Amino acid sequence: MAFFYQQTLAQSASLTGTSLHTGSQVSLRLRPAPVDHGIKFKRMDLSDEPTIDAKIEHVKFVERATTIAEGNVKVHTVEHVLSALYGMGVDNALVEMDSNEPPIGDGSAYPYVELINKCGIEQQTALRRTLEVREPLHVETKTGSLLTIVPDSKFRISCTQVGPEGRFTQYYSTEITPEIYQREIARARTFVFYEDVKPLLDKGLIRGGSLENAIVVRGESVMGKEPLRYPEEFVRHKILDIVGDLFLAGCRFLGHVIAVKPGHAANAELTKALAKRYTHMISMVPAQVIPQGTGVMDANDIMEVLPHRYPFLMVDRIVSFEGDNKCVGAKSVSINEPFFQGHFPGHPVMPGVLQIEAMAQVASILLRKQSVVANGVGYFMSADDIKFRKPVVPGDMLLIEAELLRAKGNVGKACCRCLVNGEVTSEGTLMFAFVGQ
Ligand SMILES: [Zn+2]
């Protein structure tokens, strides 16, 4: 169950090292933080010790590294420490630093993984903020980066890294779990192409840069303090950066990231899209609180009107009536629905025809209010313009809207739709009749 709950560090621990851009000594301490705190950076070297939320809205520069800033307080190169926290499953932590950039270490996220292991991990009481990516997210940049997240039951990344003139083109694909992250991703080091860094070295812009903390590629040769740690170390480092940059969305997610030539700028765009999707999802949740008011029918009231019974009663409650012609029903769709056993094993989706059945039942309640037929069984006469827009899955609250267009005796015609989180999942026009028993 650990997967579902927020986690923080069991205790604090620190490390010291050199910062990449200024070359100065910096000490960094990871501290536990309460539920829903997220990751925050604290600048201990400034007089009022300001903190910055590690959130996408604070991302200011994405050239070569990801910099966050609030007012004139900045923290450079946040992606490796964030990557380690995300990868190791830490949701809440305070990162204290006495400089404007974390230590670069050996250019990988491994020093931070070791630091997290030193702190230990503690499970908290609140559920994780997790977005299940249901529809693809996609960003593309002018420089040829292409990133997509497609639905998946796991967090996976498949990435292609392409160097200048196609040199050192590498591909790697993996699920991200703490075990896999620590073993396969965390130790991949930063790499640079000599022609890209030479102008920066000349200008003195990367004072802390050396073969101690980066692999340098010159022509076809690879220079570093030690041999390559993985055969495709470059693309694994790209995955490491993606993990760190995406954590700035402020939520975890389930989905498969497909990345071609990723970079911090493209990663930030994808993170923005992810954060927007998450905010949208969260903002819809209050709408799902079912109002209890006058004119509302509970399951017992409904069963007095409709002959349907479990497992074929497709509406739990009528939540509102608007005059005589409109009403809204609700059905909470749980994993225990009998149809999920076979539709489909391992991939539960509510059958579309059952959404139509739900529409018909809600429309029948309206017709029954006006009908002269005191009791009877409803039969479909036609279903037109049926559109299925989105899948309905366990955990969804299905709202069923019905508007009676015509009612004559025991025959009714209704325009109906089903919604989840404010988005239409299916719609259509139904004609049905009540036949007395
Ligand atoms: Zn990096």
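Quick caveat: nothing in here was measured; it's all calculated off a predicted structure.

(A) Looking closely at the overall build of the chain. Of regular secondary structure, the chain possesses 8 helices and 25 strands. Taking contacts inside the chain between residues at least 6 apart in sequence as the whole, the part at least 24 apart equals 72%.

(B) A look at the domain arrangement of the chain. By the assigned domains, the chain splits into domain 1 (2–285) and domain 2 (299–435). On a C-alpha basis, the centroid separation for the pair domain 1 and domain 2 is 46 Å.

(C) Summary view of the nonpolar core. Counting residues in each nonpolar core, the largest one holds 66 residues, and the members touching the most others are L85 and I116. A per-element tally of this core places helix α5 (residues 233–246) first, with 7 residues. In contact with L85, other than residues within four places in its own chain, are I39, V90, A93, I116 and F247. Listed in part, the 34 residues of the second largest apolar core include I302, V315, V362 and L399.

(D) Structural context of unusual backbone geometry. The residue after Y310, namely P311, is reached through a cis peptide bond having omega 5 degrees. Summarising the element assignment, P311 is placed in the loop between α7 (299–305) and β20 (317–322). In this structure, F344 follows H343 across a cis peptide bond, with omega equal to 0 degrees. Positioned with a positive phi, F168 is a non-glycine residue whose angle comes to about 55 degrees. Residue placement: F168 occurs in the loop between β14 (155–161) and β15 (170–175).

(E) Molecular detail of the sheet that holds strand β5 (residues 51–53). In space, the 5 strands of this open sheet follow the order β2-β3-β9-β4-β5, with mixed pairing throughout. If you trace the sheet from one side to the other, it starts and ends with β2 (13–18) and β5, each paired once. Strand-to-strand twist across the sheet, computed as the mean angle between neighbouring axes with direction ignored, equals 20 degrees. Inspection of the sheet shows strand β3 (residues 25–32) paired to strand β9 (residues 93–97) by 5 bridges, in the antiparallel sense. Following the sheet pairing, L28 is matched in β9 by M97. Across the face of the sheet, helix α2 (residues 110–119) comes into contact with β2 and β3 while running at roughly 160 degrees to β2.

(F) Geometry of the packing of helix α1 (residues 79–87) against α5. Packing of α1 against α5 brings their axes to within 7 Å, and their N-to-C directions diverge by 85 degrees. Classified by the angle between their axes, α1 and α5 sit roughly perpendicular to one another. Residue-level inspection shows E79, H80, L82, S83, Y86 and G87 of α1 in contact with α5, the latter providing L240, D241, V243, G244 and D245.

(G) Structural view of the environment of K276. In this fold, K276 is placed in helix α6 (residues 264–284). Using a count of 13 C-beta atoms within 10 Å as the deciding quantity, one classes K276 as partly exposed.

(H) Broad picture of the pairing of β14. Residues F155, I157, C159 and Q161 line the buried face of β14, whereas the alternating positions R156, S158 and T160 sit on a face that is not buried. Pairing between β14 and strand β19 (residues 252–260): 6 bridges, direction parallel. Looking across to β19, one finds that R156 is bridged to H256.

Cut-offs used in this document
Residues numbered from 1 in each chain as written. Predicted model: local features only at pLDDT ≥ 70, side-chain atom pairs only at ≥ 80, totals over all residues. Helix = DSSP H or I, 4+ residues; strand = E, 2+ residues; numbered from the N terminus. Contact = placed C-beta atoms within 7 Å. Domains from an automatic or database assignment. Core = buried A, V, L, I, M, F, W, Y, C linked by C-beta atoms within 7 Å. Buried ≥ 20, exposed ≤ 12 C-beta atoms within 10 Å, placed from the backbone. Pairing = 2+ DSSP bridges. Axes fitted to C-alpha atoms, helices over the stretch in contact; angles between N-to-C directions. Parallel < 35°, antiparallel > 145°, perpendicular 65-115°, else oblique.

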